[in-house]
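Survey of secondary and tertiary structure
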Amino acid sequence: MNKVSFFTLILGFALLATACKSRINSQNISASKLLENRYKMLLEYPVDSLSMPRSMTTKTNSIKKVPSKDWTSGFFAGNLWQLYRLTGNPQYKEQAAKWTAFSKKESVNNNSHDVGFKVFCSFGEALKVENKQEYKDVIIKGAETLCTRFDPKVSAIRSWDFNREIWDYPVIIDNMMNLELLFEASKLSGNKKFRDIAIKHANTTLKNQFRDDNSCYHVVDYNPVSGAVRKKTTLQGFNDDSVWARGQAWAVYGFTMSYRYTKDEAYIKQAEATAKFFMTNKNLPEDGVPYWDFKDPSIPNAPRDVSAATVMASALYELYSYTKNKSYLAFADKIIATLNSDKYILDAKINAPFILDHSTGNWPKHDEIDEPIIYADYYFLEALLRKK
Ligand code: GLY
């Protein structure tokens, strides 16, 4: 090699290295700018007591808005409280307080188990920021309401009241999430009943909701007269024996959170076993964001569910804090890094109060497929706060 081609080669390597470095830098900068841009749009969304943003059809850019009775109604307020904690910008707090007030009436609505999601994701987040008696009262009232759905014979809280012709007493894995309202209300009020009911529900779920491989069923239906299991089935999964991704994340989150309040080793053992099932599954894509159901036969062409990934990331940060198992930390970090990219952050040109794209709400109903959905953002922000 002569002198000229040697220097040309060195120059080529140097230019390539600089180009790679600036590409990495610009990707990082653009990812955080993309997020900041999306965060600001939450402040621009007009305040209206009957229009909690739930999801968005990206084909038409139309926002699905819901009143407080919808199970997702508390998440938007929760997102604003969490953004206040992440950024320190008081505008988020002002807006959060306005939206939170709209969920108060849900503390006396016993139409479903979702009082936990509705009240705790709004007022529970408010209480982390402002130590107000008013917030505590709503949480305690919500816990009383949720307890009216507990049946001692089944030893579980009834999840839903619809589909009465096919289910007698349905309990869904998602219901584990509502126990946080009960555990926290018990601490706030000193009323042991809330905690006792939460523990009974968790124990019944632990006994009946999991398969031998530690994945879980979505719905377990009980005979309320005998308390026996009638049927193990699904509503939102591909079929009864499939593995609905968000359900697995609810299970890991729910049992990790229940361990936080009880220190019951059986709970953390189940959380770890189901986390392992999820993290090591052959159908989990390399980037950590699952397909909406691990057993959809159309994988790899099935839609993803970002919400399952964010619930799992947040749960794994907490699971890591108890176990010190670094694989949980690494997996949660991987999900957050994956999502913090222009592939998953909602297009900057779309003016809507959402942060992440590509969640799947209810595939069997053809509803909210591959869209921004509010609860994916809620658990993403919670994961960022937990990571911090
Ligand atoms: N039922 C709550 C969910 O869709 O995950």
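Residues numbered from 1 in each chain as written. Predicted model: local features only at pLDDT ≥ 70, side-chain atom pairs only at ≥ 80, totals over all residues. Heavy atoms only, no water.

1. Section: the overall build of the chain
When you go through the chain residue by residue, the secondary structure sums to 12 helices and 7 strands. Its C-alpha atoms give the chain principal-axis dimensions of roughly 90 × 45 × 40 Å. Residues counted as buried form 56% of the 388 residues belonging to the chain. Sequence-distant contacts in the chain: of pairs separated by 6 or more residues, those separated by 24 or more amount to 65%. Element-wise, carbon and sulfur atoms account for 54% of the exposed surface of the chain, whose accessible area totals about 16,700 Å². Averaged over its 52 positive side-chain charges, the chain has a centre that lies 3 Å from the centre of its 44 negative ones. (Helix = DSSP H or I, 4+ residues; strand = E, 2+ residues; numbered from the N terminus. Buried < 20%, exposed > 50% of the residue type's maximum accessible area, 1.4 Å probe, protein only. Contact = heavy atoms within 4.5 Å. Areas by Shrake-Rupley, 256 points an atom, 1.4 Å probe, with all protein chains shown as cover. Lys, Arg positive; Asp, Glu negative; His and termini not counted. Charge placed at Lys NZ, Arg CZ, Asp CG, Glu CD.)

2. A closer look at the nonpolar core
Looking at soluble globular proteins, one finds that nonpolar side chains tend to be buried together. Ranked by size, the top nonpolar core spans 113 residues in total, and within it Y39, F75, L179, L182, L316, Y379 and F380 carry the most contacts. Considering each element in turn, this core owes the most residues, 11 residues, to helix α10 (residues 306–323). Those residues in contact with L179 that lie beyond four places of it in its chain are I157, A198, H201, A202, M257 and S258. (Core = buried A, V, L, I, M, F, W, Y, C linked by side-chain atoms within 4.5 Å.)

3. Overview of the site of the ligand
Near the ligand you find W71, D174, Q236, W244, R246 and W250, and these make up its full shell. Q236 has a polar side-chain atom sitting 2.8 Å from an oxygen atom of the ligand. When the free accessible area of the ligand is taken as 200 Å², the share hidden by the protein chains comes to 93%. When each cavity is represented as a set of grid points, the ligand is found to reside in the largest pocket. For the shell around the ligand, a count of residues per class yields 3 nonpolar, 1 polar and 2 charged. (Near = heavy atom within 4 Å. Polar contact = N/O pair within 3.5 Å; in protein donor to acceptor, adjacent residues only side chain to side chain. 1 Å grid on protein atoms, 1.4 Å probe; cavity = no way out; pocket = protein on both sides within 12 Å on 5 of 7 lines; lining within 4 Å. Sits in = over half its atoms within 2 Å of the grid points. Nonpolar A, V, L, I, M, F, W, Y, C, P; charged D, E, K, R; others polar.)

4. Examining the environment of S122
Within the element layout of this structure, S122 appears in helix α4 (residues 115–129). Separated by 47 residues in the primary sequence, S122 and F75 place their C-alpha atoms 6.4 Å from one another. The contact partners of S122, leaving out residues within four places of it in the chain, are G74, A77, G78, W81, T100 and S103.

5. Observations concerning the pattern of salt bridges
If you walk through the whole model with that rule in mind, you get 24 salt bridges. Between R54 and D70 there is a salt bridge, and its shortest N-O distance comes to 3.0 Å. Here R54, found in strand β1 (residues 52–57), pairs with D70, found in the loop between β2 (62–66) and α2 (75–87); they are 16 residues apart in sequence, far enough to count as distant. There is no split in this pair, since R54 and D70 are both buried. With its nearest N and O atoms 3.0 Å apart, the salt bridge here joins E125 to K128. Pair noted here: E125 and K128 are both in helix α4, with a separation of 3 residues, about one helical turn. Here K128 falls in the partly exposed class, since its relative accessible area comes to 46%. (Salt bridge = Lys/Arg side-chain N within 4 Å of Asp/Glu carboxyl O.)

6. Here we look at α10
In this model, α10 (18 residues) spans 25 Å end to end at C-alpha, consistent with the 26 Å of a helix rising 1.5 Å per residue. The buried fraction of α10 amounts to 15 of the 18 residues, a majority that puts the element mostly inside the structure. Following α10 by one or two positions, K324 adopts a phi angle in the positive range, close to 60°. (Expected span 1.5 Å × (residues − 1).)

7. As for the packing of aromatic side chains
We describe a pair of aromatic rings using the distance from one ring centre to the other and the angle between the two ring planes. This model, assessed by the stated rule, comprises 31 aromatic pairs. Measuring from centroid to centroid gives 6.5 Å for F238 and W292, while their planes differ by 50°, and the two rings are tilted. Taken together, the positions of F238 in the loop between β7 (229–233) and α8 (245–262) and W292 in the loop between α9 (265–279) and α10 put the pair 54 residues apart, joining distant regions of the chain. Ring geometry for Y253 and Y379: centres 5.6 Å apart, planes at 80°, overall edge-to-face. Taken together, the residues span a long stretch of sequence, with Y253 in helix α8 and Y379 in helix α12 (residues 374–387) at a distance of 126 residues. Residue Y253 shares its accessibility class with Y379, and that shared class is buried. Here a set of aromatic residues connected by ring pairs shows up, and it is made of W71, F75, F117, W250, Y253, Y375, Y378 and Y379. Its guanidinium or amino end placed over the ring of Y217, R211 lies 4.1 Å from that ring's centre, counting from NZ or CZ. (Phe/Tyr/Trp six-rings, centres within 6.5 Å; stacked < 30°, edge-to-face > 60°. Lys NZ or Arg CZ within 6 Å of the ring centre and 35° of its normal.)

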